[in-house]
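# Architecture at a glance
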Amino acid sequence: MSGINVAILALMTLLVIYGAVISFKSSNSFPGFRSVSHSEVELFNLWQQWKITFKKSYPSQEEEQFRFQIFLNNTQLISAWNSLPNQTALLGLNQFADWTQKEYAEYSSDTFVPSKPTKPPKYLNVSNPLPTTVNWTAAGAVTPVANQGLCSSCWAFSVIGSVESLYYIENEALYAFSTQQLIDCSLSYGNNGCKSGQLGNAFQYVIHNGVETDKIYPYTGKQQVCQFDETEVIYTPDGYQNVPPYDWYQLMAAVSLQPVAIVVEADQVVFQFYRSGIISNGCGQAVNHGLLLVGYGYDDNLKMAYWTAKNFYGTTWGEQGYVRIQRSGTTNVCGVLTAPAYPYSH
């Protein structure tokens, strides 16, 4: 277990000790704990522990006071969510705990979808029953969770992740490909570097140019001058396909064959502080954030089918960097069914 994950466990232990550290004007509490009145000292200690865990510092006392108040507000908001009956997803303190909801929404809204598909979708011929469970991460076809940092680059990570997995399926070798190459070099294809991008545009770039490895062209988390070297290209897929939109069965069929790039609405509180469980409400369908769909399954405890997706906020977010979203037929929870796509090779 990494040092930061140990620190997060210690932080969660503090939450237990402090009974969610919520008194304020609310009787809400974190799941499993009664509302307990706590001193300002205890609350301040939680703040100090959180800053150490996530390596937070501020340029002035005024800024720290401002961020501390946001932290208090967010802690109360998390407690209120987790106290609601029948919640299937639990929220928790993470690296976004000192961000306003507006700041997070602007940060997470980095993937756009064209009003009309750039190419027609492909329907897969599904003659045999689909697997009841798919997990490409467990199969070894998915690279470790990355952290996009302050660069709004999830669109690039989503596409590169799907290409990495396709290469693995074809060659039984897993490489981390260069997300930075897409950020720096695909501007002429309609992407906007660390500001935003579109899955189709990113796929077009990869198809036309190929990809280098992350070792050769590493991620910096900021826009740079393109340094693409065609002699270092390790892989070039032949094309990409759009999954028929809003077709849950076709998406299941596609992800049973390989991981799929998707776009969801991630600018809501449930995504900002997602900790565990299955997101079944609290997010809309105004898609704006790229993920890599790596499987699906059924949770016996929650009695709920789900999609599993890899996010790019690091392992301190969600379930070790992953999120589960309700899979409910044509119900397009969080917009998962809106615009899925995947690369292919002949």
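Residues numbered from 1 in each chain as written. Predicted model: local features only at pLDDT ≥ 70, side-chain atom pairs only at ≥ 80, totals over all residues. Heavy atoms only, no water.

## A closer look at the layout of surface pockets
Its volume calculated, the second largest pocket comes out at about 180 Å³. If you go around the second largest pocket, you meet 14 residues; those closest to its centre are T143, A146, F157, E164 and A176. The leading source of residues in the lining of the second largest pocket is helix 5 (residues 154-171), at 4 residues. Classifying every residue of the lining of the second largest pocket by side-chain character gives 8 nonpolar, 3 polar and 3 charged. (1 Å grid on protein atoms, 1.4 Å probe; cavity = no way out; pocket = protein on both sides within 12 Å on 5 of 7 lines; lining within 4 Å. Points joined across faces, edges and corners; volume = space filled by probe spheres on them. Helix = DSSP H or I, 4+ residues; strand = E, 2+ residues; numbered from the N terminus. Nonpolar A, V, L, I, M, F, W, Y, C, P; charged D, E, K, R; others polar.)

## Quick notes on the pattern of salt bridges
Proximity of charged atoms lets side chains of opposite charge pair with each other. Counting across every chain of the model gives 6 salt bridges. In this structure, the salt-bridge partner of K51 is E64, at a minimum N-O distance of 2.4 Å. Of this pair, K51 sits in helix 2 (residues 40-53) while E64 sits in helix 3 (residues 61-83), and the two are 13 residues apart along the sequence. With its nearest N and O atoms 3.1 Å apart, the salt bridge here joins E319 to R324. Within the structure, one salt-bridge network assembled from shared partners comprises E63, R67 and E103. (Salt bridge = Lys/Arg side-chain N within 4 Å of Asp/Glu carboxyl O.)

## Some thoughts on the packing of aromatic side chains
Within a pair of aromatic rings, the relevant descriptors are the distance that separates the centres and the angle that separates the planes. Tallied over the entire structure, the rule returns 28 aromatic pairs. Within the aromatic cluster, the residues linked to one another by ring pairs are F96, W99, Y104, Y107, F271, Y274, Y313 and W317. The positively charged end of K119 is found above the aromatic ring belonging to Y240, 4.5 Å away from the centroid. (Phe/Tyr/Trp six-rings, centres within 6.5 Å; stacked < 30°, edge-to-face > 60°. Lys NZ or Arg CZ within 6 Å of the ring centre and 35° of its normal.)

## Notes on the confidence of the model for the protein chain
Overall, the prediction assigns the protein chain a mean pLDDT of 89, with 88% of residues at 70 or greater. In this model, residues 12-37 is a region of pLDDT below 50 whose contacts with residues beyond four sequence positions or in other chains number 59 contacts. (pLDDT = per-residue confidence, 0-100. Contact = heavy atoms within 4.5 Å.)

## Here we look at the state of the cysteines
Tallied over the full model, the rule gives 3 disulfides. There is a disulfide in this structure between C151 and C194, and the S-S distance comes to 2.0 Å. Here the disulfide of C151 and C194 is left-handed, its torsion about the S-S bond being about -95°. Taken as a pair, C151 in the loop between strand 2 (134-135) and helix 5 and C194 in the loop between helix 6 (179-185) and helix 7 (199-209) lie far apart in primary sequence, 43 residues in all. Per residue, the accessibility class of C151 equals that of C194, and both read buried. Residue pairing for C283: its cysteine sulfur links by disulfide to C334, the two sulfurs lying 1.8 Å apart. Residues C283 and C334 are joined by a disulfide whose S-S torsion is about -85°; by sign, that bridge is left-handed. Taken together, the residues C283 in the loop between strand 5 (274-279) and strand 6 (289-299) and C334 in the loop between strand 8 (322-326) and strand 9 (341-344) connect sequence positions 51 residues apart. Across the pair, exposure class does not vary: C283 and C334 are buried alike. Ordering the disulfide-forming cysteines of the protein chain by sequence position, one finds them joined as 1-3, 2-4, 5-6. This cysteine, C154, is not joined by any disulfide, and C151 carries the nearest cysteine sulfur, 9.5 Å off. (Disulfide = S-S within 2.5 Å. Buried < 20%, exposed > 50% of the residue type's maximum accessible area, 1.4 Å probe, protein only.)

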